[in-house]
Amino acid sequence: MSIMKENLQRFFNNIKKWWKQGVIQRASRITYDVVWNVVLFIAIICIIGGVFVGGIGLGYFASLVHDEPLRSEASMAEDIYNYSETSSIYFSNDIYLGDIRSDLYREEVELENISPTLIKAVIATEDEYFNVHNGVVPKAILRAMSQEFLNASVQTGGSTLTQQLIKNQILTDEVSFDRKAKEILLAMRLEHFFTKDEIMEAYLNIIPYGRNSSGRNIAGIQTASKGIFGVDAAELNLPQAAYLAGLPQGPSTYTPFTAAGELKPEEELQPGINRMKTVLNRMYEMKYISKEELEEAAAYDIAGDFIDAIPSSTDQYPYITYEVEKRTQAIIQELLMEEDGVTEEDLREDEDLRAEYAQRAEKELRDGGYQIHTTISKEIYDKMQEVAENYSDYGYSRTVVKTNSEGEEYEVTEPIQTGAIMIENSSGRIISFVGGRGFDEEHQVNFATETKRPIGSTIKPLLDYAPAMEAGIIQPGTPIADYPRTFAGGYAPGNYGGGYYGIVSARTALANSYNIPAVDTYMKIIHNDPAAEYLEKMGITSLTPSDHQIPSLAIGGMDHGISVEENVNAFSTFGNNGKFADAYMIDKITNADGEVIYEHETEPVEVFSPQTTYLTIDMMRDVIHNGTATYVNSLLQNSNVDWAGKTGTSQDYKDAWFVASNPNITFGTWIGYETPAPINHSYHLSYSQRNIKLWAELINASAQVDPVLVTPETPFERPDGIVERSYCAVSGKLPSDLCNEVGLVKTDLFDARYVPTETDNSLTRGRRLILTSDDNGSSFSNGNGIMFNPDWMRENGYDSMSDFSMLYPRTERDKWLKIGIPASMSSSANNDGN
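Residues numbered from 1 in each chain as written. Predicted model: local features only at pLDDT ≥ 70, side-chain atom pairs only at ≥ 80, totals over all residues. Heavy atoms only, no water.

(A) Local environment of the overall build of the protein. A tally of regular secondary structure across the protein gives 30 helices and 24 strands. Expressed as a percentage of contacts within the protein between residues at least 6 apart in sequence, the contacts between residues at least 24 apart total 69%. Summed over all atoms, the accessible surface of the protein reaches about 39400 Å², with 49% contributed by carbon and sulfur. (Helix = DSSP H or I, 4+ residues; strand = E, 2+ residues; numbered from the N terminus. Contact = heavy atoms within 4.5 Å. Areas by Shrake-Rupley, 256 points an atom, 1.4 Å probe, with all protein chains shown as cover.)

(B) View of helix α6 (residues 161–169). Taking burial as the measure, the 9 residues of α6 include 7 buried ones, the bulk of the element. Restricting attention to buried positions, one finds in α6 the residues Leu161, Thr162, Gln163, Gln164, Leu165, Ile166 and Gln169. (Buried < 20%, exposed > 50% of the residue type's maximum accessible area, 1.4 Å probe, protein only.)

(C) Inspection of the environment of serine 682 at higher detail. Within the secondary structure layout, serine 682 lies in the loop between β19 (665–673) and α25 (687–705). Between the C-alpha atoms of serine 682 and glycine 395, which are 287 residues apart in sequence, the distance is 9.0 Å.

(D) Here's a closer look at the nonpolar core. In terms of nonpolar packing, the biggest core is built from 126 residues, with Ile320, Phe433, Tyr465, Met538, Trp643, Trp695 and Ile699 touching the most fellow members. Counting residues per element, this core draws most heavily on α25, at 9 residues. Beyond its immediate chain neighbours, meaning those up to four positions away, methionine 538 contacts Leu462, Ala570, Thr573, Phe580, Val607 and Phe608. The next biggest cluster of nonpolar side chains, apart from the first, holds 62 residues, and it includes Met76, Ile119, Val122 and Leu269. (Core = buried A, V, L, I, M, F, W, Y, C linked by side-chain atoms within 4.5 Å.)

(E) Expanded view of the sheet that holds strand β10 (residues 430–434). Strand order in the open sheet formed by 5 strands is β10-β9-β19-β18-β17, and the pairing between neighbours is antiparallel. Each edge of the open sheet carries a strand with a single partner, namely β10 and β17 (644–649). Here the strands of the sheet are splayed against their neighbours by 10° on average, with no regard to which way each runs. Inspection of the sheet shows strand β9 (residues 416–424) paired to β10 by 4 bridges, in the antiparallel sense. Bridged to methionine 422 within β10 is serine 432. Sheet strands in contact with helix α23 (residues 564–575) are β9, β10, β17, β18 (656–661) and β19, and its direction is about 35° off that of β9. (Pairing = 2+ DSSP bridges. Axes fitted to C-alpha atoms, helices over the stretch in contact; angles between N-to-C directions.)

(F) Inspection of the packing of aromatic side chains at higher detail. Following the criterion strictly, the structure yields 28 aromatic pairs and no others. Taking 4.9 Å as the distance between ring centres and 85° as the angle between the ring planes, the aromatic pair formed by tyrosine 391 and tyrosine 394 counts as edge-to-face. The exposure class assigned to tyrosine 391 is buried, which follows from its relative accessible area of 6%. Since its relative accessible area comes to 3%, tyrosine 394 is described here as buried. A centroid spacing of 5.3 Å and a plane angle of 65° characterise the contact between tyrosine 496 and tyrosine 653, whose relative ring orientation is edge-to-face. (Phe/Tyr/Trp six-rings, centres within 6.5 Å; stacked < 30°, edge-to-face > 60°.)

(G) Main features of unusual backbone geometry. Positioned with a positive phi, asparagine 93 is a non-glycine residue whose angle comes to about 65°. Of note, asparagine 93 is situated in the loop between β1 (88–90) and β2 (96–99). With a phi close to 65°, lysine 287 is a non-glycine residue in the positive phi region. Structurally, lysine 287 is set in the loop between α12 (266–285) and α13 (291–298). A residue is classified by how much of its surface remains accessible, and lysine 287, at 75% relative accessible area, is exposed.

(H) Fine view of the side chain of threonine 711. Tracing the backbone through its elements, the reader meets threonine 711 in the loop between α26 (707–710) and β20 (722–728). Non-local contacts of threonine 711, meaning those with residues more than four positions away in its chain, are made with Asn638, Val641, Asn662 and Ala703.

(I) Structural context of the state of the cysteines. Summed over all chains, the structure comprises 1 disulfide. A sulfur-sulfur distance of 2.2 Å marks the disulfide that ties cysteine 728 to cysteine 739. Handedness of the cysteine 728-cysteine 739 disulfide follows from its S-S torsion of about 100°: it is right-handed. Of this pair, cysteine 728 sits in strand β20 while cysteine 739 sits in helix α27 (residues 737–742), and the two are 11 residues apart along the sequence. Here cysteine 728 and cysteine 739 have matching classes, each one buried. (Disulfide = S-S within 2.5 Å.)

(J) How the structure looks around the sheet that holds strand β15 (residues 596–599). Spatially, 5 strands are ordered β2-β1-β6-β14-β15 in an open sheet, and the strand pairing comes out mixed. Both edges of this open sheet fall to β2 and β15, since each of them pairs with a single strand only. Strand-to-strand twist in this sheet, taken as the mean axis angle between neighbours without regard to direction, amounts to 20°. Of the strand pairs in this sheet, β1 and strand β6 (residues 371–374) are connected by 3 bridges, and their pairing is parallel. Its bridge partner being in β6, tyrosine 90 is matched across the sheet by histidine 373. Against the sheet, helix α15 (residues 318–340) contacts β1, β2, β6, β14 (586–590) and β15, and its axis sits at roughly 60° relative to β14.

(K) Inspection of the side chain of serine 88 at higher detail. In this fold, serine 88 is placed in strand β1. Overall, the relative accessible area of 12% leaves serine 88 in the buried class. In this structure the side chain of serine 88 is engaged in a polar contact, spanning 3.0 Å, whose partner is the side chain of aspartate 99. Those residues in contact with serine 88 that sit more than four places away from it in its chain are Tyr96, Gly98, Asp99, Tyr370, Gln371 and Ile372. (Polar contact = N/O pair within 3.5 Å; in protein donor to acceptor, adjacent residues only side chain to side chain.)

(L) Summary view of the environment of leucine 335. Inspection of the secondary structure assignment puts leucine 335 in helix α15. Taking C-alpha positions, leucine 335 is 8.5 Å from isoleucine 597, a pair spaced 262 residues apart along the chain.

(M) Seen up close, the pairing of β9. Within β9, 9 of the 9 residues are buried, leaving the element largely enclosed by the surrounding structure. On β9, burial covers both faces: Ile416, Thr418, Ala420, Met422 and Glu424 on one face and Gln417, Gly419, Ile421 and Ile423 on the other are all buried. Strand direction decides the pairing type here: β9 and β19, joined by 9 bridges, are antiparallel. Counted as the bridge partner of isoleucine 423 is threonine 666 from β19. Counted along the chain from β9 to the antiparallel partner β10, the turn is 5 residues long, and its residue glycine 428 has a positive phi close to 90°.

(N) Just the environment of aspartate 652, in detail. The residue aspartate 652 is located in the loop between β17 and β18 in this model. Judged by its relative accessible area of 40%, aspartate 652 falls in the partly exposed class. Once the C-alpha coordinates of aspartate 652 and alanine 677 are considered, the two residues, 25 residues apart in sequence, prove to be 7.8 Å apart.

(O) Spotlight on the packing of α23 against helix α24 (residues 610–626). One can describe the packing of α23 onto α24 by two numbers: an axis separation of 8 Å at closest approach and a directional angle of 110°. Taken together, α23 and α24 sit at an angle that is classed as roughly perpendicular. When α23 is examined against α24, the residues Phe571, Thr573 and Phe574 are found in contact with a partner set consisting of Thr613, Thr616, Ile617 and Met620. For the contact of α23 with α24, the class distribution of residues is 4 nonpolar, 3 polar and no charged. (Parallel < 35°, antiparallel > 145°, perpendicular 65-115°, else oblique. Nonpolar A, V, L, I, M, F, W, Y, C, P; charged D, E, K, R; others polar.)

(P) Examining the pattern of salt bridges more closely. Following the criterion strictly, the structure yields 33 salt bridges and no others. Arginine 101 is the salt-bridge partner of glutamate 325, the closest N and O atoms lying 2.5 Å from each other. With glutamate 325 in helix α15 and arginine 101 in the loop between β2 and β3 (105–106), the pair connects residues that are 224 residues apart, well separated along the chain. Note on arginine 101: relative accessible area 26%, which makes it partly exposed. A salt bridge links arginine 327 to glutamate 323, with the nearest nitrogen and oxygen atoms 2.8 Å apart. Here arginine 327 and its partner glutamate 323 are both found in helix α15, 4 residues apart, which amounts to about one turn of the helix. Taking relative accessible area as the criterion, arginine 327 reaches 16% and is therefore assigned buried. One connected set of salt bridges, linked through shared partners, spans Arg507, Asp618, Arg621, Asp622, Asp642 and Asp748. (Salt bridge = Lys/Arg side-chain N within 4 Å of Asp/Glu carboxyl O.)

Next comes the structure, spelled out in structure tokens:
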């Protein structure tokens, strides 16, 4: 111990000695100078190195962004707000129907209509410094870069909301330093031009959120709120807001719905729920919520808020959706062409140009955020679909053998299909329709608007009788002989069911749908007036050039036919006092800003005079009262409606039609196989009755929804210029004494311009042959008395008939049999006559 004490004493004595001698002071100064010089040198080197490295970094950054243009505020605004927005469809009266098909569904919303809780959740999760940074957070960028260089297993990312907005709207998802540098530059510039609220609103409208309950890909907070929870973005509660705020990090993983719109299994929902809890914890750390709110929200049953699967518009209303898409795209294309000064003729000359405008119009339709307002009544449409689906008397299905593209044959079962449409006469507004018996996604056929079929005898009022009355060639009481004869081109029509009916009025011929009087009338028109032009005035544009040339057009014979819409729309001319209002389904289109870019304007075209129209209506009343459509009277729930209509059957019974008008609407139905084939198979109802019954059930159901529109109480108004006159049923002229004697004086309506002015000359007295009938058939016997005037018979071509008995109608035989055949024509009269 004493030795250690002595050593310490000597050490301290030496220290004192060296201090007094200045040794320690001199050594300290030297050491200080050396250390200072070293530190100063290192600092200088670091500064120079930092400047050098910084210069290199800035130079490298500049090289990365050298090709990026200096964007103006307007340019950036155009890019930031240039996001696709889903177009929506509405029934009439602004009832939402659904959305236009698109790869991504988005509904724009303003920031003031977004829950503040959601905004806080997004900031806490995605960008905690959002309210204070200038577009970028340097330390976050450095952290992300170090993680990238070190290939760290956990990479937190360094993008602010502003940078994410730039990446989504201006740049791409490319992973590169070049893109990142531009992203930083543009983010800082965006912050210079835009407020934080504007940036947040744009971000929340563009970000993807997985799928909604229809299985569709969605973007934007409003679409996500409604598509996942069934509420607007303003109504989100804390757990819902946290759940949605967490979705963008992994939309496909965290979304609660499958591609089919079904809720995922419980174990697959858990990642999204865990993510929600992470968001809640971050909100708590940032003091956006209290500990109590955190615990309550974390325990919340968020899965109970997920809405049930909602069918998309294409699932629920496929016929309307596809039809509206087609029509709206055509309208948008016309608007684009008008804007560019391009005409339809330009498109006809350049198929590439046509394809370009079609593509532009389709993109606008799907991504333009349009609100498409249709004319379709939701309630009537729903009722019609229900009736069509449950109707049990279409008839039997058939098996069809088809051949695929590889030449292989396969069998398909085809049911009898239907198409129906209801149009408002005065405006052309399509109120409702039936597109078929179940939409086929593969070939998407709409039997009401697209399928073209021969229209049979429904053409007779449109092409034959109304044009003939407009020209003064016939009137309802005009006699026309129904007997076998050959027209131009060797055309020799017959009647359905066989048989001939002799001299009948035009009214009777139409009511019973006799073919030969219709063809005879049509052939008289086309000598002076191309009757088919009337069809074109009434919107029938599907006729081929050969259709215009053939006599069979008079009874509905066509190369391909026309659609149900075209046929019913043409008939609506009669319900609109002779004026044609083109049918339309798109009432109005507004853009994403609510501006009206299209609104339909009805421009009626005068086709027939009010007098011709009323006479045609009155003749078609008889179709229902005592003609081919009398079956409908036993089916209608309201028998007081003034209906006027016409049935139709195509060649070989492949199609059945019934179209009828009242003062408000025109409604028509068609039935037939998709692959044309006879439908007149053995059944407890005839093919025509099956169609008429469907027509009646659809009308009855529609009337339950809107009786004022569908079944008006007031009848068609009789215009001035319609008079009643008596005439001779043999010639159509003023009654003669002989006509009165045989009891064939009739009374009917006439257009005052075309009342008969000449007295009947069809009858005379003389030696005659009298037709007698018994169980063994018909024969002629000699006698004197009233007979057909030989000159009148020659004038009408009856003298060349092989069997005069065919002139005698099947009705009022007792009166007609008082008229004999001139004995001078006995060689023809003495033919068998059976």
